Amino acid sequence: MPQQICVLGATGSIGLSTLDVIARHPERYQVFALTGFSRVAELKVLCLQHRPAFAVTADEASARVLREALRAAGLSTEVLAGEAGLCEVAAHPAVDAVMAAIVGAAGLRPTLAAVRAGKKVLLANKEALVMSGDLFMQAVQENGATLLPIDSEHNAIFQCLPVDHARGLKAVGVRRILLTASGGPFRETPLAELAHVSPEQACAHPNWSMGRKISVDSASMMNKGLELIEACWLFAAHPDQVEVVIHPQSVIHSLVDYVDGSVLAQLGNPDMRTPIANALAWPERIDSGVAPLDLFAVARLDFQRPDEQRFPCLRLARQAAEVGGSAPAMLNAANEVAVAAFLEQRIRFPDIARMIEEVLQREAVTAVESLDAVFAADARARVLANNWLSRYPA
Ligand code: NAD
Ligand code: MG
């Protein structure tokens, strides 16, 4: 029997790469549910291709449109709507694995629903883990869920760690984790020019093709900041044990440094189908469609220390990781508001870090002992960020 897969965020970059890998292995995987938000026409095309049992759209109006279109095409797909629909398909008893590939805080409840149902959860939606770290990892433990990282760096680290790494990094002889970063499109842009870069320039990543939000995060290196926090939760690491290394070729996806001096790395072409196939088939290996790495074409691998003056978001994220509590959720929420405002050309690129820093300075950090507390911190940060925007350009 093929495994039943639920793809949350099927119309996005990770969702489409996931469906590409799944389609290569019809004997192993079957699409059980597909979800999309704004692109209903694209979701319809995906449903016609993969014939899922369920589809989920943003709201009842778009669900009705999709329901009628699929029925007219002879499909019996059940179409649900909204967050309740997302949580229902993520936790459905028939589902074996859930690809969590919704972008941002919107993915937290559906991803947690999959965790609480004890699913195999393929985690691309790093924001969910950043927001709710401790609660999320506790839910994984308590419900016997299997959490597999899709973020290329974390998947690389996962591959370089021993199977019993849950005993603790020290216990398995790990000195530190080296988290690689491309440095994004503005790695060498003169600092004075950053105030004039456009959303299109920010989204033109040199090595990866991704959704617009994560592309801007890569340009500001907030993506690496979120990944630092993600790594701390996934691998029970202290922020001091995670070092960020700029590696412009994006061929080494991260490294693990052991006490005996061995450094293990995972290499490959920058194509998300590799970590997706790795997590889908784990602990086995399957073809992902990714071309073999041509080391002669790569020719050289470069490394640099990140410049925190150029990338203040990295400093802000490291601080939030160290402070803990509600700080990562507030950092994430302020960043989501800032990135959306930058994409709408309401603020300039360097304002992203300014806005986040001011939000974090204005609000006291609290403990987060419940999901409600996480969403309260998220909401407070969004109010402060929107206040900041309403005063802009003060
Ligand atoms: P994307 O923008 O291409 O796709 C986002 C998906 O989420 C779409 O299917 C969209 O319909 C859905 N979505 C958006 N808002 C929603 C909402 N409010 N409710 C429900 N669904 C909603 O993004 P992406 O690049 O595929 O990234 C998805 C996640 O994976 C992000 O968390 C990102 O950080 C992470 N990730 C992406 C990559 C990559 O290469 N693209 C790499 C590592 C991690
Ligand atoms: Mg990554």
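The model shown is predicted, which means the values in this text are computed figures rather than measured ones.

## What about the overall build of the protein?
Along the protein, the regular secondary structure elements total 16 helices and 11 strands. Taking 21 Å as the expected radius of gyration for a compact globule of 394 residues, we find that the protein reaches 20 Å, a close match to that expectation. Projected onto its principal axes, the C-alpha positions of the protein cover 55 × 55 × 45 Å. In the protein, which comprises 394 residues, the proportion classed as buried is 57%. When contacts within the protein are restricted to residue pairs at least 6 apart in sequence, long-range pairs at least 24 apart make up 70% of them. Of the roughly 16,600 Å² of accessible surface on the protein, a fraction of 52% belongs to carbon and sulfur atoms. Within the protein, the 43 negative side-chain charges are centred at a point lying 2 Å from the centre of the 35 positive side-chain charges.

## Regarding the coordination of the magnesium ion (ligand 2)
Coordination of the magnesium ion (ligand 2) by the protein is provided by Asp151 (OD), Glu153 (OE) and Glu227 (OE), with metal-donor distances spanning 2.1 Å. Each donor residue of the magnesium ion (ligand 2) lies on one chain, and together they are spaced D-x1-E-x73-E. A residue pair is termed long-range when its members are at least 10 positions apart, and Asp151 in the loop between strand E7 (146–149) and helix H7 (152–160) and Glu227 in helix H10 (residues 222–234) qualify at 76 residues. Residue classification places Glu227 among the buried positions, given a relative accessible area of 1%.

## Some words on the sheet that holds strand E1 (residues 3–8)
Sheet architecture is open: seven strands sit in the order E4-E3-E2-E1-E5-E6-E7, paired in parallel fashion. The sheet terminates laterally at strand E4 (78–81) and E7, the two strands that pair on one side only. Neighbour to neighbour, the strand axes of the sheet diverge by 25° on average, direction disregarded. Judged from the four bridges that link them, strand E5 (residues 97–100) and strand E6 (residues 120–123) form a sheet pairing that is parallel. Each residue of the ladder has a partner; that of Ala100, found in E6, is Leu123. Contacts from helix H4 (residues 82–90) reach E1, strand E2 (29–35), strand E3 (54–57), E4 and E5, with the element oriented near 130° to E4.

## Brief notes about the nonpolar core
Counting residues in hydrophobic clusters, the biggest one holds 137 residues, and the most contacted among them are Phe136 and Leu331. Look past the residues within four positions of Phe136 in its chain and what remains in contact with it is Leu108, Thr111, Leu112, Val115, Leu123, Ala128, Leu129 and Leu147.

## Re the packing of aromatic side chains
Scanning all chains against the criterion turns up five aromatic pairs. Where Phe186 meets Phe349, the ring centres are 5.1 Å apart and the plane angle is 75°; that geometry is what we call edge-to-face. Taken together, the residues span a long stretch of sequence, with Phe186 in the loop between strand E8 (174–181) and helix H8 (199–203) and Phe349 in the loop between helix H14 (327–343) and helix H15 (351–362) at a distance of 163 residues. Looking at Phe186, the relative accessible area reads 3%, which means it is buried. Judged by centre distance (5.5 Å) and plane angle (70°), the ring pair of Phe342 and Phe349 falls under edge-to-face. Here Phe342 falls in the buried class, since its relative accessible area comes to 1%. Taking the relative accessible area as the measure of exposure, Phe349 reaches 7% and is therefore buried. Chaining the aromatic ring pairs together yields one cluster made of Phe186, Phe342 and Phe349. The ring of Phe375 is capped by Arg109, whose NZ or CZ atom sits 3.9 Å from the centre of that ring.

## A look at the packing of helix H6 (residues 126–143) against H10
Where H6 meets H10, the axes come as close as 9 Å, and the angle between the chain directions of the two elements is 25°. Regarding the angle of H6 to H10, the classification is roughly parallel. The two elements H6 and H10 cross, and the hand of that crossing is left-handed. Every residue of H10 that contacts H6 at Lys126, Leu129, Val130, Gly133, Asp134 and Met137 is listed here: Asn223, Leu226, Glu227, Ile229, Glu230, Trp233 and Leu234.

## Topic: the sheet that holds strand E9 (residues 242–246)
The strands that make up a sheet are held in pairs by hydrogen bonds between backbone atoms, and each pair lies either parallel or antiparallel. Spatially, E9-E8-E10-E11 is the arrangement adopted by the four strands of the open sheet, whose pairing is mixed. At either margin of the open sheet sits one strand with a lone partner, and together these are E9 and strand E11 (263–267). On average, each strand axis in the sheet is tilted by 20° relative to the strand beside it, whichever way the strands run. Where H7 meets the sheet, it contacts E8, strand E10 (252–258) and E11, and its direction lies at approximately 40° from that of E10. Packed onto the sheet, H10 meets E8 and E9 and runs at close to 150° relative to E8.

## Here we look at the environment of Ala156
Mapped onto the secondary structure, Ala156 falls in helix H7. Separated by 97 residues in the primary sequence, Ala156 and His253 have C-alpha atoms spaced 5.7 Å apart. In this structure Ala156 touches His253, Ser254 and Gln266, once residues within four positions along its chain are discounted.

## Quick notes on the side chain of Ser17
Within the secondary structure layout, Ser17 lies in helix H1 (residues 13–23). Relative accessible area serves as the criterion here: at 17%, Ser17 is assigned to the buried category. With sequence-adjacent residues up to four places away left out, Ser17 is seen in contact with Arg273 and Ile276.

Scoring rules and cut-offs
Residues numbered from 1 in each chain as written. Chains lettered and ligands numbered in written order. Predicted model: local features only at pLDDT ≥ 70, side-chain atom pairs only at ≥ 80, totals over all residues. Heavy atoms only, no water. Helix = DSSP H or I, 4+ residues; strand = E, 2+ residues; numbered from the N terminus. Rg over C-alpha atoms; globule rule 2.2 N^0.38 Å. Buried < 20%, exposed > 50% of the residue type's maximum accessible area, 1.4 Å probe, protein only. Contact = heavy atoms within 4.5 Å. Areas by Shrake-Rupley, 256 points an atom, 1.4 Å probe, with all protein chains shown as cover. Lys, Arg positive; Asp, Glu negative; His and termini not counted. Charge placed at Lys NZ, Arg CZ, Asp CG, Glu CD. Donors = N, O, S within 2.8 Å, 3.2 Å for Na, K, Ca; no water. Pairing = 2+ DSSP bridges. Axes fitted to C-alpha atoms, helices over the stretch in contact; angles between N-to-C directions. Core = buried A, V, L, I, M, F, W, Y, C linked by side-chain atoms within 4.5 Å. Phe/Tyr/Trp six-rings, centres within 6.5 Å; stacked < 30°, edge-to-face > 60°. Lys NZ or Arg CZ within 6 Å of the ring centre and 35° of its normal. Parallel < 35°, antiparallel > 145°, perpendicular 65-115°, else oblique. Left-handed = near helix turned anticlockwise from the far one by under 90°.

In short, geometric facts, not functional conclusions.
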